[in-house]
Every structure is written in structure tokens, then in C-alpha cells.
Amino acid sequence: MATQVYDLVVVGAGPAGLAGAVYGASEGLRTLVIEPEAPGGQAGTTSKIENYLGFPQGITGAEMGRRALLQARRFQAEFVTQRATGLRVDGQYRFVCLGDGREVSSHVVLLAPGLNYRKLDVPGSERLTGRGIYYGAALVEAPSCREQDVYILGGANSAGQAALHFARYARTVIMLVRGEGLSATMSKYLIDEIGRTSNIVLRSKMQVLEALGGEHLEGLRLRGPGGDEEVRTESLFVFIGAAPRTEWLPSLVERDEKGFILSGQDLRNDGKLPPEWHEDREPFLLETSVPGVFVAGDVRHGSVKRVASAVGEGSIAVQFIHQYLARF
């Protein structure tokens, strides 16, 4: 890896990055994927994805990530387990800095680092993380919750998918949501299925005030329309949004106020492209403010935050990458 120059370096092995790796490698690009954790990204922790085309019975996020990894490797894509810590440009080359101090050089970079889960910021939550409080929901954790009262905080699709999965094992699954209900944040098919599941209880206008317990979570202090209360539970799974993993990028890569990466026509401000853009052409659809650096998936400004959309962006980005490379 130290001596090679890649055609394409993909940062992130979620659905968008894996799709970019599969399409890039299968179309003859020497491709390297940089990922610090297991493949699959945030989707990889999802207990069941039921609205992904071609899987009428659904597929777990972990299985989807495993299959995509095997597929990318079949086309000779390479993988390195490292965290990307920097990005720099030198002429036609883009260099990605790694956590171990090495640099990887390439002609094109596809940014698909995904998101970090937002942390629950209440007394006791940090101390009890991993000891009853969890971010995301892995399949292996569900059987251990058999006959328990499990709490899920959040009202988006990932929370709904987790609730349905845990309902197969837990005595009761209590969903805590801040809003009036789920219709503004969750797909209708999930809402309907939750409504048909007798041991899922939806509690609206709720917030967690404190996590209670010593060595392990023992309960929660909640606030709702009826006032404050304490409930007993050993398991809280948190789905309260996520922040883009873009803090490591240089200022040359334009982002919005929340840190999501701008691309294509979203780069225009008052009709003008950023001063970093020195090309005599318009940016490609998924190209960032740095020519030859593309973005796909949840980390992109305006993305839909769905697996199918991320896969689509990862594959479409490769078509623009070919157009970019054809100019040299």
C-alpha cells in the first residue's frame, strides 16, 4: 500500500462507500477502502432493513455489509482498517492521511465516512454507556433482553426497526419520542407494523432526565406530559440522530453549518462557486469544492438518509469519477 498510487480511495465502508468500491473496482479502477470499524456503517447496526429493493423478507444490516464486502473483494478492491485523519492535494494527486501516520495517494477520493451517533447528554449516561445504555442495536444484544422491559429513545426509522426486532424477545418495548408521534420521522410501513405489534408501547412528548444505576443501568428518570417519573429497566437503546464524520477534513472541503459536505450545485453561494474551485467547468453532481474529491451517502448535504439512496450515490459517483479521470 505504501508504494501504490490508487485510482480511487474510498473513505468509509457503509452502503455508499461499499457501492463505490464495488462499481469502481468492477470497472477497472484500482480501489482502496479505508474503514476504522466493521463494514456496513450505521446501516450495519440495523436489526432489519425491510424496504431495500430485492429483499422482500428484509435483510440485516450486518449481513448486507458482509455481502457487499465480499463482492468488493471479488473485484479486487483492497481494504485497510484505519481511520482517515486528513486530506491534502498536490497537483493531480489526493493524499489521505491515516491514523498510523501513513499517507495513501490516489487520483480521486470518494468521501463516504458516514455519521456518528449523537450521545445522550444526561447525568449517568456516559458512565453507563455499554452497561445498559447502547447506541444502535446489534442482533446479538436482543436475545439477552428476553422477558425484559426495553426502552428505545428516538422516533426515526432506525428506532422503529430496532423496536420491532426487540419486540420478538422483550416482554415490552417502550418507545420514547419527543414529538407528538411518529408520522413526521418514520416510514409508514414501520408505523403500521409497530401499531400491529402488541408489546410495543409508544410514549410521546417524553424526555430522559437521568440514567440510574451503579455498575449497570437500573432505571431512568423521565419527564412527560404527566410530570416526572422513574421507571425500572436494564436496557436503553438510543437513536437520537447522528453527526457527520467530517471534523478531520480541511477547510478546503466546503460544508454546511452542521458539517455535512456540499457538492455539485449546492456549492454555489449567491450564484457563485467557492474560491477554492479553479476549474473551467461546473462541478460534477457529487463533486465537492475540491476537484477530484467526491461525496456520497449520509455525510452529503441534502442526502435522504436511506440505504438505497446511499448505494445509489456510491454507484453514481463512480460514473462522474470516470468522467473526471478521462480528462487526464
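Residues numbered from 1 in each chain as written. Predicted model: local features only at pLDDT ≥ 70, side-chain atom pairs only at ≥ 80, totals over all residues. Heavy atoms only, no water.

Attention now moves to the overall build of the protein chain. Each helix and strand counted, the protein chain has 5 helices and 17 strands in total. Here the C-alpha atoms of the protein chain give a radius of gyration of 21 Å, agreeing with the 20 Å that 2.2 N^0.38 yields for 328 residues. On the principal axes, the C-alpha backbone points of the protein chain span a range of 65 × 45 × 40 Å. Counting every position in the protein chain, which comprises 328 residues, the buried fraction comes to 52%. Expressed as a percentage of contacts within the protein chain between residues at least 6 apart in sequence, the contacts between residues at least 24 apart total 62%. By element, 49% of the accessible surface of the protein chain is carried by carbon and sulfur atoms, the whole surface being about 15400 Å². (Helix = DSSP H or I, 4+ residues; strand = E, 2+ residues; numbered from the N terminus. Rg over C-alpha atoms; globule rule 2.2 N^0.38 Å. Buried < 20%, exposed > 50% of the residue type's maximum accessible area, 1.4 Å probe, protein only. Contact = heavy atoms within 4.5 Å. Areas by Shrake-Rupley, 256 points an atom, 1.4 Å probe, with all protein chains shown as cover.)

What follows concerns the pattern of salt bridges. Counted by the stated rule, this structure contains 19 salt bridges. For Arg281, the salt bridge goes to Glu287, with nearest N and O atoms at 2.9 Å. For Arg281, a relative accessible area of 16% translates into the label buried. Residue classification places Glu287 among the buried residues on the basis of a relative accessible area of 0%. (Salt bridge = Lys/Arg side-chain N within 4 Å of Asp/Glu carboxyl O.)

A word on unusual backbone geometry. In this structure, Glu147 takes a positive phi of about 65° despite not being glycine. Note that Glu147 resides in the loop between strand S8 (133-135) and strand S9 (149-153). We note that Asp270 has phi near 55°; this positive angle belongs to a residue other than glycine.

Each α-helix turn comprises 3.6 residues. Residues three or four places apart therefore point the same way. Given a rise of 1.5 Å per residue, 19 residues ought to cover 27 Å, and the 27 Å separating the end C-alpha atoms of helix H5 (residues 307-325) matches this to within 8%. Buried residues along H5 sit in contact with strand S1 (5-11), helix H1 (15-26), helix H2 (61-74), strand S5 (93-98), strand S6 (103-111) and strand S17 (293-295). (Expected span 1.5 Å × (residues − 1).)

Between H1 and H5, the least distance of the axes is 7 Å, while the angle of their chain directions is 35°. As for the relative orientation of H1 and H5, their crossing is right-handed in sense. For the pair formed by H1 and H5, the contact residues are Pro15, Ala16, Ala19, Gly20, Tyr23 and Gly24 on the first element and Val307, Ala310, Val311, Gly314, Ser315 and Val318 on the second. (Axes fitted to C-alpha atoms, helices over the stretch in contact; angles between N-to-C directions. Left-handed = near helix turned anticlockwise from the far one by under 90°.)

The next point concerns the side chain of Asn199. Relative to the helices and strands, Asn199 resides in the loop between helix H4 (188-196) and strand S11 (200-203). Look at Asn199 and you get buried, because its relative accessible area is 17%. Engagement of the side chain of Asn199 in a polar contact is seen with the backbone oxygen of Ala170, the distance being 3.2 Å. When sequence neighbours within four positions are dropped, the list of residues in contact with Asn199 reads Ala167, Ala170, Arg171, Thr172 and Val173. (Polar contact = N/O pair within 3.5 Å; in protein donor to acceptor, adjacent residues only side chain to side chain.)

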